[in-house]
Amino acid sequence: MTFAAALPWTDDAFVGRSLGTEAEGLREELKDAAAPASVDRKGDIVARLLEAVVQAAGNDGTNVSLSAFDRTLDFLTSLSAELPLPSVVVESEDEIGLDWDEGPERVVSLTIDNSDRIGFAALFGRDSLCGKAECTDGPPETIRYLLARLYPSS
């Protein structure tokens, strides 16, 4: 005859059963693993920018100006947290490209440089839009419109 009992699993279930520094460390690791992952959006943004800068320098020796890097960082951190982060590519020493690609004929591309304007190109089916928008405080209205059209729920 086999007998099994189901007990609820809680942190308290194994406290005091294992003593010593290894057990305490294991309990802390289990708590950390069970905790919800924290979202570090700014860290993700910086990582994407740095990856693009390192790739450009390694591929063709292109170095990015500090002002283009800073302007891109400021722009990306000003976007809504619900908006997916774009792919980032260094286009020249003074230009960084941001691309949101949601499949055929659903694309928004931005170019940020040392000026106070952001270049944009967008494709929505047969509709294409391009131009430059002045950017002084947060994303310009035109770019907010394009991104809202690409991501209506954001």
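Being a predicted model, the structure only gives us computed values, none of them experimental.

**Focus: the environment of Gly119**
Okay, step 1: The residue Gly119 is located in strand S4 (residues 117-124) in this model.
Okay, step 2: Judged by relative accessible area, which is 13%, Gly119 ranks as buried.
Okay, step 3: In this structure, the C-alpha to C-alpha distance between Gly119 and Ile143, residues 24 residues apart in sequence, is 9.4 Å.
Okay, step 4: Those residues in contact with Gly119 that sit more than four places away from it in its chain are Ser109, Leu110, Thr111, Gly131 and Lys132.

**Here's the deal with the pairing of strand S3 (residues 106-112)**
Okay, step 1: Bridging between strand S2 (residues 95-101) and S3 involves six bridges; their strand directions are antiparallel. Among the inter-strand pairings, Leu98 is bridged to a residue of S3, identified as Leu110.
Okay, step 2: Hairpin connection from S2 to S3: four residues lie between these consecutive antiparallel strands, with Gly103 at a positive phi of about 105°.
Okay, step 3: In this sheet, S4 lies alongside S3 in antiparallel orientation, the contact comprising seven bridges. Its bridge partner being in S4, Val108 is matched across the sheet by Ala122.
Okay, step 4: With antiparallel pairing between neighbouring strands as the criterion, S3 and S4 make up a hairpin whose turn holds four residues.

**Points about helix H2 (residues 41-60)**
Because each turn of an α-helix spans 3.6 residues, side chains separated by three or four positions in sequence point in the same direction.
Okay, step 1: Look at H2: 29 Å from first C-alpha to last across 20 residues, which is about the 28 Å you get at 1.5 Å a residue.
Okay, step 2: Buried within H2 are the following residues: Arg41, Ile45, Leu49, Ala52 and Ala56. Looking down the long axis of H2, one finds its buried residues gathered within 75° of arc, a one-sided arrangement. Pointing more than 90 degrees away from the buried face of H2 are the exposed residues Glu51, Val54 and Gly58.
Okay, step 3: Considering only its buried residues, H2 is in contact with helix H3 (66-78), strand S1 (87-92) and S2.
Okay, step 4: Within two residues after H2, Gly61 carries a phi angle of roughly 75°, on the positive side.

How each quantity is defined
Residues numbered from 1 in each chain as written. Predicted model: local features only at pLDDT ≥ 70, side-chain atom pairs only at ≥ 80, totals over all residues. Heavy atoms only, no water. Helix = DSSP H or I, 4+ residues; strand = E, 2+ residues; numbered from the N terminus. Buried < 20%, exposed > 50% of the residue type's maximum accessible area, 1.4 Å probe, protein only. Contact = heavy atoms within 4.5 Å. Pairing = 2+ DSSP bridges. Expected span 1.5 Å × (residues − 1). Arc of directions from axis to C-beta.

Shape descriptors only; they carry no functional weight alone.
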